[in-house]
Amino acid sequence: MSREFITTAPIGFVLLDSDRRISEANATASKHYNLATGEQFITSIHGDHKQSVLDFLADDTATTNECIITLGDTEKSVLVTKIIEIDSIGLWLEDLSVSKALKRQLQLAQMPER
């Protein structure tokens with residue numbers, strides 16, 4: 001995968017080193033999820049999801065995980081897709097917040113009136 005593709009991708013991408021620190025973050029990850037190089041990735045994860053994300057990162061067979069990233073007072077539901085490298089882990093971050101809100105609105109609209 002080319003560096004230019006990762007840098008300009010419309011979804012977030014971070015590269016984690018062996019200590020699970022962010023060694024690279026594309027513009028989308030920085031802007032939409034407030035992720036910066038040098039930070040521990042797990043610190044951005046909502047407390048209720050930290051253990052499942054740690055388990056996900058440790059499992060070489062798991063490829064996707066849904067979690068919540070906290071951004072100060074707000075939260076985003078995110079689908080994390082993992083790519084394992086020899087000495088690092090790449091994570092694609094897809095915001096699910098809008099699709100979940102739309103799904104809920106559609107469900108409410110389809111409910112029969114009493």
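Residues numbered from 1 in each chain as written. Predicted model: local features only at pLDDT ≥ 70, side-chain atom pairs only at ≥ 80, totals over all residues. Heavy atoms only, no water.

1. Focus on the pattern of salt bridges
Part 1 of the reasoning: Tallying each qualifying case throughout the model produces one salt bridge.
Part 2 of the reasoning: Notably, a salt bridge pairs Lys-76 with Asp-95, separated by 3.8 Å at the nearest N-O pair. Taken together, the residues Lys-76 in strand β4 (residues 74-84) and Asp-95 in strand β5 (residues 89-95) connect sequence positions 19 residues apart.
Part 3 of the reasoning: Given a relative accessible area of 29%, Asp-95 falls into the partly exposed group. (Salt bridge = Lys/Arg side-chain N within 4 Å of Asp/Glu carboxyl O. Helix = DSSP H or I, 4+ residues; strand = E, 2+ residues; numbered from the N terminus. Buried < 20%, exposed > 50% of the residue type's maximum accessible area, 1.4 Å probe, protein only.)

2. Thoughts on the nonpolar core
Part 1 of the reasoning: Membership of the largest hydrophobic core comes to 21 residues, with the highest contact counts inside it found for Val-14, Leu-16, Leu-35, Phe-41, Leu-91 and Leu-93.
Part 2 of the reasoning: Secondary structure elements with two or more residues in this core: β1 (12-16), α2 (27-33), α3 (50-58), β3 (64-71), β4 and β5.
Part 3 of the reasoning: What Phe-41 contacts, discounting residues up to four positions off in sequence, is Val-14, Leu-16, Arg-20, Ile-22, Leu-35, Val-53, Leu-57, Leu-91 and Leu-93. (Core = buried A, V, L, I, M, F, W, Y, C linked by side-chain atoms within 4.5 Å. Contact = heavy atoms within 4.5 Å.)

3. Here's the deal with the packing of aromatic side chains
Between two aromatic rings, the relevant description is the distance of the centres plus the angle of the planes.
Part 1 of the reasoning: In this structure the tally under the stated criterion is one aromatic pair.
Part 2 of the reasoning: When the centroid spacing of 4.7 Å and the interplanar angle of 55° are considered together, the rings of Phe-13 and Trp-92 count as tilted. Placement of the pair is Phe-13 in strand β1 and Trp-92 in strand β5, with a sequence separation of 79 residues.
Part 3 of the reasoning: Taking relative accessible area as the criterion, Phe-13 reaches 7% and is therefore assigned buried.
Part 4 of the reasoning: Classification of Trp-92 by relative accessible area gives buried; the value is 11%.
Part 5 of the reasoning: Cation over ring: Lys-82 sits above Phe-56, and NZ or CZ is 4.4 Å from the ring centre. (Phe/Tyr/Trp six-rings, centres within 6.5 Å; stacked < 30°, edge-to-face > 60°. Lys NZ or Arg CZ within 6 Å of the ring centre and 35° of its normal.)

None of this, on its own, says anything about what the molecule does.
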